[in-house]
Amino acid sequence: MGSLENGVSVKRDPLLRSSSTKGLGFQRPILRFSRFLFFGKLDYLQWVCTVAVFCFFVVLFQMFLPGLVMEKSGDSLKKMENGYGDLSFMKNIGGLDFGEGIRFEPSKLLQKFQKEADEINHSSAPRLRHRLGYRKPQLALVFPDLLVDPQQLLMVTVASALLEIGYNIQVYSLKDGPVNAIWRNVGVPVTIIRNGAKSAAVVDWLSYDGIVVNSLEARDVVSCFLQEPFKSIPLIWTISEGTLATHLRQYTSTGKIELVNDWKKLFNRATAVVFPNYVLAMIYSTFDSGNYFVIPGSPTEAWEVDNFMASHKDSPRVKMGYGPDDFVIALVRSQFLYKGLWLEHALILEALLPLVAEFPVDNNSNSRLKIIIISGNSANNYSVAVEAIALNLRYPRGVVRHIAIDEEETDNVLAAADILIYGSFLEEQSFPGILIKAMSFGKPIIAPDLSMIKKYVDDRVNGYLFPKEKISVLTQIILQMISEGKLSPLVHNVESLAKDTAKNLMVMETVEGYASLLENLLKFPSEVVFPKAVTEIPPKLKEEWKWNLFAASAHSTYANRTSRSLRFLDKLEEQWSQSQTGGSGSVIAIDESFPYDIWEEEKLIRIANARKRREEDELKDRTDQPRGSWEDVYRSAKRADRAKNDLHEREDGELERTGQPLCIYEPYFGEGTWPFLHGTSLYRGIGLSTKGRRREADDIDAPSRLPLLNNPYYRDALGEYGAFFAIANRVDRIHRNAWIGFQSWRATARNTASLSKIAETTLLNAIQARKHADTLYFWVRMDKDPRNPSQLDFWSFCDAINAGNCKFAFSEALKKMYGIKRDWDSLPPMPVDGDTWSVMQSWALPTRSFLEFVMFSRMFVDALDAQIYDDHHQRGHCYLSLSKDKHCYSRVLELLVNVWAYHSARRMVYVNPQTGEMHEHHKLKNRRGHMWIKWFSYVTLKSMDEDMAEESDDEHPMRRWLWPSTGEVFWQGVYLREKNQRLQQKEKRRQQSKDKLSRMRRRSHQKVIGKYVKPPPEEDMENSNSTMV
């Protein structure tokens, strides 16, 4: 973000920048004030009075105001817990002085947009790339619920404009609500994803070109995008609540650093975090990683005023203790605190002093004039300072009053006031929200002619403006507005126009802001029609919010988003604390209730079982166990050593899979794909990355079988072909079924594209009955693919998804693969005969045919890599994509099986994934004269494969060569060499045996020293002795 990247660093308005930043206290305010007076052309009398007031109270303000501006009290934090209020915790933002500006600039995000635009304009790709748009861009909007609130109104308005310029939109929500019907009325489908994070993970987010998540309460959905393969999807997170900012201070002070880090990871994952005003962007600066963006405008203020008026039937004036004849002026300020604030209030109070004469005091020394200075700060010293100013200016006692109130009580004051004066001269980037509320209440506003205010307020049309250099104009304006102690009739016209203005303020900025952000942020593939320009949005869609759609339910079902957000954060904090107590550092999903009593009981049971097993083992060691003779022990140890590599506990799925004719493998990458993988014995997962493998599942680790996949570049570029090569590499060690199949997890995510139980049974029966012999069975059709709404033919569709260069890539790859030197641009014909082709890598083949296909694919991929690798690996550009794309090869390879199956004379049978009905496409009798059989025959491919293997084995070329890394390198010479090695090893073992026997025969035996005579037993000796006696 640039200006807010490290802490809270601000840029001052260049028009008001001071020449020196040194000197504290009142040195700079005095200098600025003097320049302000002399160069502002104030009249002499007013200047003398102001100087007198200033000199009298300078000591008083020195005592009171420094503590007000810089202190960090706990009371101030408590005031903000129902919203971000007046942002008192931003008072240490840098010590702003009188009239100074503060700016937020998303510099990093803007630089990123500019850099990407320059790369596209100055790209030196070897081939021209074309956008052959056939489908609309897909956008997903995600909400925590569909209750009626201002954010829903904003997004419905924005979505209506986006639909008009060419977007397709899908709404997802964690909970249903009344806005469901509104979205459907607009023409946007709605899907309810229940049970929090787990259900949010059951959506194939790769189907969308961009995701827009709304509210902090949708954090579970954002967490899904921290996992592969969803990490690279453009994600926009809109945040309109300031509640988390107040909680962050509590988390830090109480040592909940891990919870803060969890939130920081989520903020950093978003491609852009969008706020409706610049204040929110600044208070969340702790999490800013350069991805913050502000799109000003929201119907929140007007919405809250409407709900306030509908829910408060009694008069706010009576509630606050004001009579019907009292004239109430509310003096409000900016949400930022700065040192010159007291001076601005003093000047405005001085300008309002002539009003005292218009409202004479009664017999009780009470005046009907009431001036309320509104502040969200709870410190009492500012109230004392205000009272001192009022007394020095000789205001009657009780006329000027300072009140420190929260946001809800501010609405009561605004509703009770007759006039609202904006008393800050601070240049801001967005229109003050307090003014929008006052205008929505139908109150006349008076404000300084700041640039942002002048943009929306026309003087004496929908408000009143005065030059901040001439405070005397404020006196003239206020006297003109009041006639005989009441507002003049002309003011009522201004009130009406102000209310109409506030109701639809900044609609155009919001609509165009979102459309421009999406235009810069999203990178559309070549088959997508680029949306219309922002300037082509119809003006009627930028004039007002869609109030008419929410009129029926606006007041009845509205629930305050701030209170809901606070409950959400409290619940999250409670569950995080419980998880920490249980020994887990991760935050449990909000919508999942965890049975902690069952957890504790299970833990006690495990401890008891472990203690029991330990005692049994100790007792077992103390008992005598028959171990047999030494010869038996030796033989058992040798037998265990020989069989140690084959000993493993087989799961039920593996045992069932052994007797099946078919095994379908599901390649996947990352935890985000786990919900889409099957758990039955017919299927088996194959992880393209060791880190993202499923725990306790019988999945194959592809990188351990094919080290090439440890290289992230080729893992991403090859995609599912990496799984093909990994399984084909020494296939007998892992796959022993007669048939092999593959199914993309994305086909499962589409529900209607994956095999049902009926289709699985039909396919297995057809295989067992050998109904179609050597056949390619497929169940995801090209003509039903969402990328192909125009029903394109094979090569046109391939060009559409590969920036118009698919045919060129195929032609060049075949030329290199077959060693064709001359100019040749022919392609294998893929006729348009009314039938369709396979997409999404969901098909089944005999295992032997699969190995033949892999043999062809390895050579094709090597040829394709040779022409694309250098430019793609170094700069990220690929002529098969319009933008940087790490999956460069995958879209061409997705269709390769069709070319091989058609021209190698394999039958192609479509299996309906729902009913199991089979239909043969591109029948063999109709292919005669169209197939390139010699090019794709096994004999040709095998000879080419052996030639490449011989080159790799004998010459060991030093150039970069992909083919040897994609599988086995085998030819006749390798076979002979391995045969000789086996014979040599066998001969070596035979010779070692002979040598051992020879040594045993030549071994010299020690001669017997003497004969051993066994002595008689002791009893016999005793008997013999007794006889002798």
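Residues numbered from 1 in each chain as written. Predicted model: local features only at pLDDT ≥ 70, side-chain atom pairs only at ≥ 80, totals over all residues. Heavy atoms only, no water.

Trainee: What should I look at first to understand the nonpolar core in this one?
Mentor: Inside soluble globular proteins, nonpolar side chains tend to come together where they are buried. Membership of the largest hydrophobic core comes to 109 residues, with the highest contact counts inside it found for Tyr-777, Phe-810, Trp-843, Phe-850, Phe-860 and Tyr-889. Ranked by residue count, the leading element in this core is helix α35 (residues 847-875), at twelve residues. For Tyr-777, the residues in contact, after removing those within four places along its chain, are Trp-739, Leu-763, Ala-766, Ile-767, His-772, Ser-842, Trp-843, Ala-844, Val-909, Val-911 and Met-918. Counting 100 residues, the second-largest nonpolar core is a separate cluster that includes Ile-233, Trp-237, Ile-478 and Met-481. (Core = buried A, V, L, I, M, F, W, Y, C linked by side-chain atoms within 4.5 Å. Buried < 20%, exposed > 50% of the residue type's maximum accessible area, 1.4 Å probe, protein only. Helix = DSSP H or I, 4+ residues; strand = E, 2+ residues; numbered from the N terminus. Contact = heavy atoms within 4.5 Å.)

Trainee: I keep staring at the state of the cysteines and nothing clicks. Help me out?
Mentor: Note on terminology: a disulfide is the covalent bond linking the sulfur atoms of two cysteines. Per the stated rule, a full pass over the model turns up two disulfides. In this model, Cys-798 is linked to Cys-806 through a disulfide, with the two sulfur atoms separated by 1.8 Å. Measuring handedness by torsion sign, the sulfur bridge of Cys-798 and Cys-806 sits at about 75° and is right-handed. Judged by its relative accessible area of 0%, Cys-806 falls in the buried class. Here Cys-878 engages in a disulfide with Cys-888; their sulfurs sit 1.8 Å apart. The chirality of the disulfide connecting Cys-878 with Cys-888 is right-handed, given an S-S dihedral of about 40°. Taken together, the residues Cys-878 in the loop between α35 and α36 (890-893) and Cys-888 in the loop between α35 and α36 connect sequence positions ten residues apart. (Disulfide = S-S within 2.5 Å.)

Trainee: Looking at this model, I keep getting lost on a positive patch on the surface. Mind explaining?
Mentor: Together, Lys-996, Arg-999, Arg-1002 and Arg-1003 make up a region of like positive charge exposed at the surface. Its place among the elements puts Arg-1003 in the loop between α41 (972-1002) and α42 (1018-1028). (Patch = residues over 30% accessible without salt bridge, like charges linked within 9 Å, V, L, I, M, F, W, Y side chains within 5 Å. Areas by Shrake-Rupley, 256 points an atom, 1.4 Å probe, with all protein chains shown as cover. Salt bridge = Lys/Arg side-chain N within 4 Å of Asp/Glu carboxyl O. Lys, Arg positive; Asp, Glu negative; His and termini not counted. Charge placed at Lys NZ, Arg CZ, Asp CG, Glu CD.)

Trainee: Before we go on, may I ask you to explain the pairing of strand β8 (residues 327-332) in this structure?
Mentor: Two faces make up the sheet, and in a regular strand the side chains alternate between them. Burial analysis of β8 places six of its six residues in the buried class, the great majority of the element. Across the two faces of β8 the burial is the same, with Phe-327, Ile-329 and Leu-331 and Val-328, Ala-330 and Val-332 all buried. Note that β8 and strand β9 (residues 369-375) share five bridges and pair parallel. Within the sheet, the bridge partner assigned to Leu-331 lies in β9 and is Ile-373. (Pairing = 2+ DSSP bridges.)

Trainee: Would you mind going over helix α30 (residues 721-728) with me for this structure?
Mentor: Owing to its 3.6 residues per turn, the α-helix brings residues three or four apart onto one side. Burial of α30 is extensive: eight of the eight residues sit out of reach of the surface. Within α30 the residues assigned to the buried category are Tyr-721, Gly-722, Ala-723, Phe-724, Phe-725, Ala-726, Ile-727 and Ala-728. Of the residues one or two after α30, Arg-730 is the one with positive phi, at around 55°.

Trainee: Explanation requested: the side chain of Ser-298 in the structure shown.
Mentor: Looking at the secondary structure, you find Ser-298 in the loop between β7 (292-294) and α12 (300-311). Classification of Ser-298 by relative accessible area gives buried; the value is 17%. Every residue in contact with Ser-298, bar those within four places of it in the chain, is listed here: Leu-154, Pro-276, Thr-510 and Trp-545.

Trainee: Looking at this model, I keep getting lost on the sheet that holds strand β18 (residues 700-701). Mind explaining?
Mentor: Each strand in a sheet pairs with another by means of backbone hydrogen bonds, the pair being arranged parallel or else antiparallel. One open sheet holds the eight strands; their spatial order is β18-β17-β16-β19-β21-β20-β22-β23, and the pairing between them is mixed. Of all strands in the sheet, those bounded by a partner on one side alone are β18 and β23 (918-921). Both strand β22 (residues 907-911) and β23 contribute to a ladder of four bridges, which runs antiparallel. Bridging from a neighbouring strand, Met-908 pairs with His-921 of β23. Sitting on the sheet, α35 is in contact with β19 (739-742) and β21 (843-846), with an inclination near 105° to β21. (Axes fitted to C-alpha atoms, helices over the stretch in contact; angles between N-to-C directions.)

Trainee: Would you explain the pattern of salt bridges in this entry?
Mentor: Evaluation of the coordinates by the stated rule reveals 29 salt bridges. Taking the shortest distance from any N to any O, the salt bridge between Asp-774 and Arg-906 comes out at 3.2 Å. Of this pair, Asp-774 sits in the loop between α32 (757-768) and β20 (775-778) while Arg-906 sits in the loop between α37 (896-903) and β22; the two residues are 132 residues apart in sequence, bridging distant segments of the chain. Asp-774 sits in the partly exposed class, given a relative accessible area of 31%.

Trainee: Honestly, the sheet that holds strand β10 (residues 400-404) in this entry has me stumped. Any pointers?
Mentor: A sheet is described by the order of its strands in space; here six strands give the open sequence β10-β9-β8-β11-β12-β13, paired in parallel fashion. Each edge of the open sheet is held by one strand with a lone partner, namely β10 and β13 (464-466). Averaged over all pairs of adjacent strands, the angle between their axes in this sheet comes to 25°, without regard to strand direction. Sheet strands touched by helix α14 (residues 341-352): β8, β9, β10 and β11 (419-422). Its angle to β9, the strand with the most contacts, is close to 170°. Lying over the sheet, helix α20 (residues 472-481) contacts β8, β11, β12 (445-448) and β13, oriented at roughly 155° with respect to β13.

Trainee: Please explain the pairing of strand β1 (residues 138-143) as it appears in this structure.
Mentor: Of all six residues in β1, five are buried; the element is thus mostly enclosed. Two strands pair when backbone bridges link them, and β1 and strand β2 (residues 168-173) are joined in this way by six bridges, in the parallel orientation. The partner of Phe-143 across the bridge, within β2, is Ser-173. Sheet analysis places β1 next to strand β4 (residues 210-214), joined by four bridges and oriented parallel. Across the sheet, Leu-141 pairs through a bridge with Val-212, a residue of β4.

Trainee: Explain the packing of aromatic side chains here, please?
Mentor: Given two aromatic rings, their pairing is described by the distance between the two centres and the angle made by the two planes. Enumeration according to the criterion identifies 48 aromatic pairs in this entry. Here the aromatic rings of Trp-837 and Tyr-902 are separated by 5.7 Å at their centres, their planes lie at 65°, and the arrangement is edge-to-face. With a gap of 65 residues between them, Trp-837 in the loop between α34 (806-818) and β21 and Tyr-902 in helix α37 connect regions that are remote in the sequence. You'll find Trp-837 and Tyr-902 in the same group, each marked buried. The ring of Trp-961 has Arg-959 sitting right over it, with the charged end atom 4.7 Å from the ring centre. Arg-960 extends its terminal NZ or CZ atom over the ring of Tyr-869, reaching a point 3.6 Å from the ring centre. (Phe/Tyr/Trp six-rings, centres within 6.5 Å; stacked < 30°, edge-to-face > 60°. Lys NZ or Arg CZ within 6 Å of the ring centre and 35° of its normal.)

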